[in-house]
Structures are given as C-alpha cells and as structure tokens.
Amino acid sequence: MRFSTIKYFFKESFTSLVRNRWMSLASIGAVASALIILGSFLLLSVNFDHILKDVESQVEITAYLEDSLDQDGISRLDKDLAVITGIKEIKFISKEVAIEEFKEQVGRELLEGIDNPLPNSFRIKVNDPHEVASIAEKIEKFSGIDEVKYGKGVVEKLFNIIHWVRVIGLIIMAVFAAVSIFIISNTIRLTVFARRREINIMKYIGATDWFVRWPFLIEGMVLGLIGSSLAIGVLAAAYNYLYITVKLNLPMISLLPKEYFYDYALGFLGIGMLIGAFGSSFSIKRFLNV
Amino acid sequence: MIEIYGVTKIYPGGQVALKDINLRISKGEFVFIVGPSGAGKSTLIKLLFREELPTRGQIFFGGKNITRFRPREIPYLRRRIGIVFQDFRLLPEKTVYENVSFAMEVVEASGRDIRKRVPHVLERVGLAHKAKARPSELSGGEQQRVALARALVNNPDILVADEPTGNLDPDTSWDIMGLLDDINKRGTTVVVASHARELVDSMKKRVLQLEQGSLVRDEERGVYSNEI
C-alpha cells in the first residue's frame, strides 16, 4: 500500500468526521454511554467480587480438641493435620486464650470466678473456601478431635448466592455489550448511508472493497476511541468520588483501589476501537455490493 | 475488444431484459446503442462492467471471460472502463479537481501522477479554468464534462456512457457528443446508449438497435431508426 493511499484514508476519515459532525457526535455519545453503562456494571461486579472474596477468605474451620489430649498429643495432631492438602494455616487456640476472647466479647464481670468450660482448639484456614466442607470432614476423623465447626449450611448458602450473583452479572454485561455494538453499528450505518453515493461511485471507478472500507474502519475506530476515552474519563471521576465517599463513610467495605481501574482503561480503549471497527464494517457490507 | 455470445438477462421477478444477444465491438470503434426505454440498453451497459451478470451466455473483455470473474477481480476490470452516467454522479462537496483526482486516488496512483494527469484531462474537456468550482456552481453540460474527465483520467481502454445527454439541452448535448467523438478519435473505444435521435443520426456511427431485449439491427454508419 502506498503512503499516499494511507494518507488518503486518514484524510478521508477525518474530513468525514468533521463533515458529519452531528452524526459523529451522536456516535461518540452512543459509544460513550454504552461503555459507561458497561463500565459501571463491570466496576460493580469486580468490586462485588472483591468484597465476596473478602467474605470467602474469612471462612474458617474450628476444630475443638478433646480435653484429655496433652501438650505432646496437641503438637502431634498439629503436624498430622498439616499434611492435609488445601490447608493454608493452622493456629492453636488454647483454652486460656479462648476464654479471654470470650470475655472480651460478653463482658469480663459476667464470667468472673467461673471455671473455664472452653476446650482447646485449632483455627484452620484453607486455600480454597469451596473445600471447607470436605476438609472439615477429613479433620473430624482424626483422633483427639472432639468436634469440628465451620458454619455448616451457612457457608454452602453463601457460596450459592455468590455463584448466582456472578452468573447474573456476566449475563447483564453480555447483554450490554451486545446493545452497545447494536447502537454503534446503527449510528455508523447512518454515516455510511449518508455516503452511499460516494461508495457507489468509488465502486464504479474500480475501487477495491478494502479501499472503500478503510476510511470507514478508521472513522469507526476513531469514534470508538473518542467515545471510550470519554467513558473512561467519566467513570474514573465517578469511581474516584465513590471510593473516597465509601472509605470515609463505610470503612468496613473495602472497594478496589482506583489504581486497579487503570488496568481496565486500556482494555476499554481496545473495546471501543473494536466496537467502532466492527460496527462500521457491519454497516458498510450492504453498500459494497455494487 | 468486447465479444458477447448468446447473452440473455432475466431479472429476478421474471422480467426479460435481454434475449440472446450476440455482438462484437472492436478496438477503436464508436458504437451507439439505441431503442425505446425498457429495450435493454442500460442492462447491456451494466453487463459490460459487471454490475449485472448475464443469466445465460458469455461476455469477453480483451479476451477474458468477465462472466467468470470473481468479485475481487471486478475492480480491475472497471479500471479499464470509463463510465459516464445520465445523472453525472459527481460528489457535491468536492471541487471539480477533487472529483477527478478522486478517481486516481481510488486506483492508488502516486501523488505525482495525479498532479500531472488531472490538469491535463481537465484541459482536454475544456474545464481547466473551473478546477476549483463545486459541481453545484456548474451547468449540466459542465458537470457532464467533469464526469467525462473523471472517466478518462485513468486512461481506460473503453468509455461507456449510459444516456450521457439525457439531462442536457440540445446545444450542450452536441458539445458532449463532439467531445466523445474527439475521445474516440484519439483511440479510445466508445459505447453510448442514447435516446437522442438527431444526435445519433448526424454522427453516422455504428448503431445497435434493441427492441424488447432483442438486437434487431446492427448497422455501420447507421441512423437512429431506419423506418423511412
């Protein structure tokens, strides 16, 4: 391809952008709003995911030990348990520590003078929260273990909810992606339609399909690029505001830091460009058949 | 240059536009295609540059069977054919110069060739002084001259015109015909579909007459109609 041809493609696409400025603005608006919606959902879902992971990671197993187990037995059991695959961390909680924690929770005075009824225990963290149930089952079989607790039922329910939240989030995102492509290809179809005469003439003169296509592809990509930059700007400002507000008012909720957002920004530019190129090639197809 | 063998064209819907056409146009000829509206003149023209495919029959251009061309070969066929329409088909937002240079950009000519060639063809159609005008500032005849310049700028083997004077007044039509004759005298094969009886009669060129899709007359130095 000649340099003058490439120059021609860019000249054509930019004059067309300016010439059809209202249409161009409409396309940019469509790309931007579609991507803002898409981006909001994306941010919502990654943050929800982040919060859920937080909750998931807090799931732990408590294994209560038989009172008869002495210090040797405890350390032997500790070593034995460590062999189970999927265990991240085992922490021994002596009955003294346990009663201290309990006193903290319910109030010191109330328990004054009472014999410590709490057993020794292990607090066990696992690598994959989904394996909690099966690991708990294995632990239960060791001698010296009195009882294993991990919030049976509650954990399963929580995982079920998390699963559905993710599925629904993905569906919503897919729908919005499709809607964006539809809006954009429609808007670009208008620009192509406005220039169908020109395309027609080009084809009669002997232009190849790719020669006709390139300026529209560039135009679409530029529209997508500007639209997605706009969306990124709006989302970044909004997210920044949200992040600060949540941090000040709801400190227990940990949102993803805004630096995380920049990883998505580049992907967004790519998506915008792709949507633009896809939309324009989609719209131009019909007019090439001369 | 062009050989047409047993060409029939039936449009979807059953309308028969051309019936078993056989003809040959040699290099350097000037040919009129005449006949009433709906006789198949435009269809015949469209078959030449592969806007339409014949339902039956073969068409050869420069020895190549263009009915067998794949879609990606069509642009290269059209680069050898200059096409002129009744409605000029100029781009209204481009200047005269740009409308012509556009045709060279499309075939990816170099910038240097474009700058050399465009003024030359504009000179040839007598519009060098209007290079910066827009089509809307020109008369119909001038617009058709721009279209002619555009069709000629890539040095086609053949110039095909579908009712080139259909939208023009008689005086201007004479000018355009004179220009076509001039182009032909310089070696380009010219094929013109036309309604303009007087023009055809006075030019004394080869005349192909179509009636309801059939070729009813093929006459050297003919006139529009021989029922005298």
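Cut-offs used in this document
- Residues numbered from 1 in each chain as written.
- Chains lettered and ligands numbered in written order.
- Predicted model: local features only at pLDDT ≥ 70, side-chain atom pairs only at ≥ 80, totals over all residues.
- Heavy atoms only, no water.
- Helix = DSSP H or I, 4+ residues; strand = E, 2+ residues; numbered from the N terminus.
- Buried < 20%, exposed > 50% of the residue type's maximum accessible area, 1.4 Å probe, protein only.
- Contact = heavy atoms within 4.5 Å.
- Areas by Shrake-Rupley, 256 points an atom, 1.4 Å probe, with all protein chains shown as cover.
- Axes fitted to C-alpha atoms, helices over the stretch in contact; angles between N-to-C directions.
- Parallel < 35°, antiparallel > 145°, perpendicular 65-115°, else oblique.
- Left-handed = near helix turned anticlockwise from the far one by under 90°.
- Nonpolar A, V, L, I, M, F, W, Y, C, P; charged D, E, K, R; others polar.
- Pairing = 2+ DSSP bridges.
- Buried area = accessible area lost by both parts, 1.4 Å probe.
- Salt bridge = Lys/Arg side-chain N within 4 Å of Asp/Glu carboxyl O.
- Core = buried A, V, L, I, M, F, W, Y, C linked by side-chain atoms within 4.5 Å.
- Expected span 1.5 Å × (residues − 1).
- pLDDT = per-residue confidence, 0-100.

A. Representation of the overall build of chain A. On a plain count of helices and strands, chain A comes out with nine helices and four strands. Its helices and strands in sequence order give chain A the pattern α-α-β-α-β-α-β-α-β-α-α-α-α, from N to C terminus. Per-residue burial over chain A gives 40% buried out of 290 residues. Taking as baseline every contact in chain A between residues at least 6 positions apart, the subset at least 24 positions apart corresponds to 82%. As displayed, chain A has an accessible area near 16500 Å², and 64% of this comes from carbon and sulfur atoms.

B. Here's a closer look at the overall build of chain B. Across its full length, chain B carries seven helices and 10 strands. Buried residues in chain B amount to 56% of all 228 residues. Across chain B, contacts joining residues at least 24 apart in sequence account for 68% of those joining residues at least 6 apart. On chain B, roughly 10100 Å² of surface is accessible, and the fraction owed to carbon and sulfur atoms is 47%.

C. View of the packing of helix H7 (residues 196-205) of chain A against helix H3 (residues 96-106) of chain B. Across the interface, H7 of chain A lies against H3 of chain B with an axial gap of 9 Å and an inter-helix angle of 60°. Between H7 of chain A and H3 of chain B, the crossing angle belongs to the class labelled oblique. Handedness of the crossing formed by H7 of chain A with H3 of chain B: right-handed. Note on element contacts: H3 of chain B touches H7 of chain A through Phe102, Ala103 and Val106 of chain B, opposite Glu198, Ile201, Met202 and Ile205 of chain A. Class assignment for the residues of the contact of H7 of chain A with H3 of chain B results in six nonpolar, no polar and one charged.

D. Looking closely at the sheet that holds strand S2 (residues 87-93) of chain A. Residue and element names in this part refer to chain A. Pairing in this open sheet of four strands is antiparallel, and the strands run S2-S3-S1-S4 from one edge to the other. Strands at the two margins of the open sheet, each flanked by one partner only, are S2 and strand S4 (145-149). Adjacent strand axes in the sheet meet at a mean angle of 20°, parallel and antiparallel pairs treated alike. In the sheet, S2 pairs with strand S3 (residues 121-126) via six bridges, with the strands oriented antiparallel. Across the sheet, the residue bridging to isoleucine 87 is valine 126, located in S3.

E. Just the interface of chain B and chain A, in detail. Residue-level contacts link 24 residues of chain B with 21 residues of chain A. Overall, the association of chain B and chain A removes approximately 2000 Å² of surface from exposure, summing both partners, and the carbon and sulfur fraction of that is 56%. For chain B, the biggest contributors to the area lost against chain A are Arg78, Val106 and Glu108 of chain B; these three give 28% of the whole. Applying the counting rule to chain B against chain A returns two salt bridges. As a salt-bridge pair, lysine 11 of chain A and glutamate 105 of chain B come within 3.8 Å of each other at their nearest N and O atoms.

F. Here's a closer look at the nonpolar core. Phe32, Leu148, Leu159 and Leu180 of chain B are the most contacted members of the largest nonpolar core, which has 66 residues in total. Counting 31 residues, the second largest nonpolar core, distinct from the first, contains Leu44, Phe49, Phe69 and Val191 of chain B.

G. Highlighting helix H1 (residues 3-19) of chain A. In this model H1 of chain A runs 24 Å from its N-terminal to its C-terminal C-alpha over 17 residues, within 8% of the 24 Å that 1.5 Å per residue would give. The inward-facing, buried residues of H1 of chain A abut helix H2 (21-57), H7 and helix H8 (209-249) of chain A together with H3 of chain B.

H. Examining the confidence of the model for chain B more closely. Of the residues in chain B, 99% have a pLDDT of 70 or more, and the chain-wide mean is 92. The ipTM, which scores confidence in the relative placement of chains, is 0.86 for this predicted complex, and the corresponding pTM is 0.69.

I. Layout of the sheet that holds strand S1 (residues 2-10) of chain B. Residue and element names in this part refer to chain B. Ordered by their spatial adjacency, four strands build an open sheet running S2-S1-S4-S5, and the pairing between neighbours is antiparallel. What marks the edges here is a single partner per strand, and that holds for strand S2 (16-25) and strand S5 (64-65). Bridge count for strand S4 (residues 56-61) against S5 is two bridges, and the pairing is antiparallel. In the strand pairing of S5, phenylalanine 61 is matched with lysine 64.

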